[in-house]
Amino acid sequence: MGCGCSKLYACCGGPQANAPVPEPHSVENEEKNELDLPAFHEYTIEQLRTATSGFAVENIVSEHGEKAPNVVYKGKLDNQRRIAVKRFNRSAWPDSRQFLEEARSVGQLRNIRLANLLGCCCEGDERLLVAEYMPNDTLAKHLFHWETQPMKWAMRLRVALYLAQALEYCTNRGRSLYHDLNAYRIVFDDEGNPRLSCFGMMKNSRDGKSYSTNLAFTPPEYLRTGRVTAESVMYSFGTLLLDLLSGKHIPPSHALDLIRDRNLEMLTDSCLEGQFTNDEGTELVRLASRCLQDEPRERPNPKSLVAALVPLQKDTEVPSHVLMGIPHGAAALPSLSPLGEACVRMDLTAVHEILESIGYKDDEGTATELSFQMWTNQMQETLNSKKKGDVSFRHKDFRAAIDCYTQFIDVGTMVSPTVFARRSLSYLMSEMPQEALNDASQAQVISPIWHIASYLQAAALFSLGRDDEAQVALKEGSVLETKRNATA
């Protein structure tokens, strides 16, 4: 293994176990103005319904999917900002005033170590939180269910430090409580950096439990009193250190038994062999043991954890996405289809040819069915306007196509993502990129998993000079297209 058991025992199981953690040094925290984030905002339910394509099942990103009592969706606002939306059980927060007060308080926090809360929705009996979207999964996924490579030791140390810094920042801002801190609460951003989800700063309900995980991982004082304290959060931090060390979710009592019995081979992840020294392993186990003390007063605080973890850091010059093996920048883009390539080149003629060849095949199951009563003269005129739009689109008379498709859309009897896609391209051809973006976004609201909508958004964003957002839309389109082809 990468560490010596006898030396670890001397630090964690012997008389030195209660030695003081080194005095902390000052840690520079990110200030609000250093983050490109809007102020806390109260959204309408309609805005969030649109952003998540009607709370589509395809946009669920939380564990246990739609069966969970509180479901988290990914979404996209009108300004293309990607968001995570937590929708609470309808009976979770009956007191709207209390919910708003809590959300507004958490929403004042702004830090690079957090997946920050951007807003909320409190409308009727709906209660939702809106946060930054983190696209690179959870710590639980990377530690317990990894597919390509196990997490490296240097990255595990970085996760521990960044989490401690997040908790230190929150504590300094008067928000020292965190409910059910676990590996599912740590999420990874575009750069592969770990962040603490702000959702855990609010309970899942007004009177709900603060811990939903197995009781074996629950702080002993919580079992006695049912109350979360700042010291309870430190206990949970200790369980996370064990997760990082072992690569498994080991109950704290079992881990402490292994330490006392000097059986650390069972505690340390075999994938880490040769990656760390005896001293590094010793210090991490010592910190975990301190956090897991039965007596809450004997546990360290976030500030002292940061001071202890800073000297342990390795490969600090290596970006997180490299340590994690996460594709980044141009490398993050998978091989693109002809439509994706055309959008990158802004070859709108090629895009037009592809849309024309596809026709309305992708509208199957999406367009609203018409009842017999709806076949009125007005309805026939509406269908005629669509047909005229198709003829104009085919002959590249894009101004006429815009007018005809607009007549069809404004009646509102039928909903067709293809019509919005065609009008979007017509706007692009007419040098109206913002209108094109609006239509491409509307096509995705109607059909959340339609790759063409994402590709057209990318083309519009490229045209607007918003290249970073265009790359994200391009990647989303490619992922959706790959999934579609796999199930075809």
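Residues numbered from 1 in each chain as written. Predicted model: local features only at pLDDT ≥ 70, side-chain atom pairs only at ≥ 80, totals over all residues. Heavy atoms only, no water.

Peer 1: How should the sheet that holds strand E1 (residues 41-42) be read in this particular structure?
Peer 2: Pairing between sheet strands relies on hydrogen bonds along the backbone, with the strands arranged either parallel or antiparallel. Pairing is mixed in the open sheet, where five strands are placed in the order E1-E5-E6-E3-E2. Each having just a single partner strand, E1 and strand E2 (71-76) make up the two edges of the open sheet. Two strands pair when backbone bridges link them, and E2 and strand E3 (residues 82-87) are joined in this way by six bridges, in the antiparallel orientation. Within E3, the position partnered with Gly75 by the bridge is Ile83. On the sheet, helix H3 (residues 96-106) packs against E1, strand E5 (117-123) and strand E6 (126-132) and is oriented at approximately 170° with respect to E5. (Pairing = 2+ DSSP bridges. Helix = DSSP H or I, 4+ residues; strand = E, 2+ residues; numbered from the N terminus. Contact = heavy atoms within 4.5 Å. Axes fitted to C-alpha atoms, helices over the stretch in contact; angles between N-to-C directions.)

Peer 1: What is the right way to look at the pairing of E3 in this model?
Peer 2: The side chains of a regular strand alternate between both faces of the sheet. Burial of E3 is extensive: six of the six residues sit out of reach of the surface. Linking E2 to E3, which pair antiparallel, is a turn of five residues; within it Gln80 sits at a positive phi near 75°. (Buried < 20%, exposed > 50% of the residue type's maximum accessible area, 1.4 Å probe, protein only.)

Peer 1: Which parts of the structure should I look at to understand the packing of helix H17 (residues 433-446) against helix H18 (residues 451-463)?
Peer 2: Between two packed helices, what matters for the description is the angle formed by their axes and the separation of those axes. Packing of H17 against H18 brings their axes to within 8 Å, and their N-to-C directions diverge by 160°. Between H17 and H18, the interaxial angle falls into the category roughly antiparallel. Both H17 and H18 take part in a crossing whose hand is left-handed. Where H17 abuts H18, its residues Pro433, Ala436, Leu437, Ala440, Ser441, Ala443 and Gln444 lie against Ala453, Ser454, Leu456, Gln457, Ala460, Leu461 and Ser463. (Parallel < 35°, antiparallel > 145°, perpendicular 65-115°, else oblique. Left-handed = near helix turned anticlockwise from the far one by under 90°.)

Peer 1: Would you take a moment to explain the pattern of salt bridges for this structure?
Peer 2: Side chains carrying opposite charge are able to pair once their charged atoms draw close together. Taken as a whole and judged by the stated rule, the model has 24 salt bridges. In this structure, Arg422 and Glu356 form a salt bridge, with 3.9 Å as the shortest nitrogen-oxygen distance. Of this pair, Arg422 sits in helix H16 (residues 417-429) while Glu356 is found in helix H13 (residues 348-358), placing the two residues 66 residues apart along the sequence. (Salt bridge = Lys/Arg side-chain N within 4 Å of Asp/Glu carboxyl O.)

Peer 1: Can you walk me through the packing of aromatic side chains in this structure?
Peer 2: Two aromatic rings are characterised by how far apart their centres lie and by the angle between their planes. Scanning all chains against the criterion turns up five aromatic pairs. Judged by centre distance (5.3 Å) and plane angle (65°), the ring pair of Phe55 and Tyr73 falls under edge-to-face. Taken together, the residues Phe55 in the loop between helix H2 (45-51) and E2 and Tyr73 in strand E2 connect sequence positions 18 residues apart. An identical accessibility class is assigned to Phe55 and Tyr73; each is buried. Seen from their ring centres, Trp93 and Phe99 are 5.7 Å apart, and the 65° between their planes marks the pair as edge-to-face. Classification of Trp93 as buried rests on a relative accessible area of 4%. An aromatic cluster of three or more residues is present, and its members are Phe88, Trp93 and Phe99. The side chain of Arg113 reaches across the aromatic face of Tyr162, ending 3.6 Å from its centre. (Phe/Tyr/Trp six-rings, centres within 6.5 Å; stacked < 30°, edge-to-face > 60°. Lys NZ or Arg CZ within 6 Å of the ring centre and 35° of its normal.)

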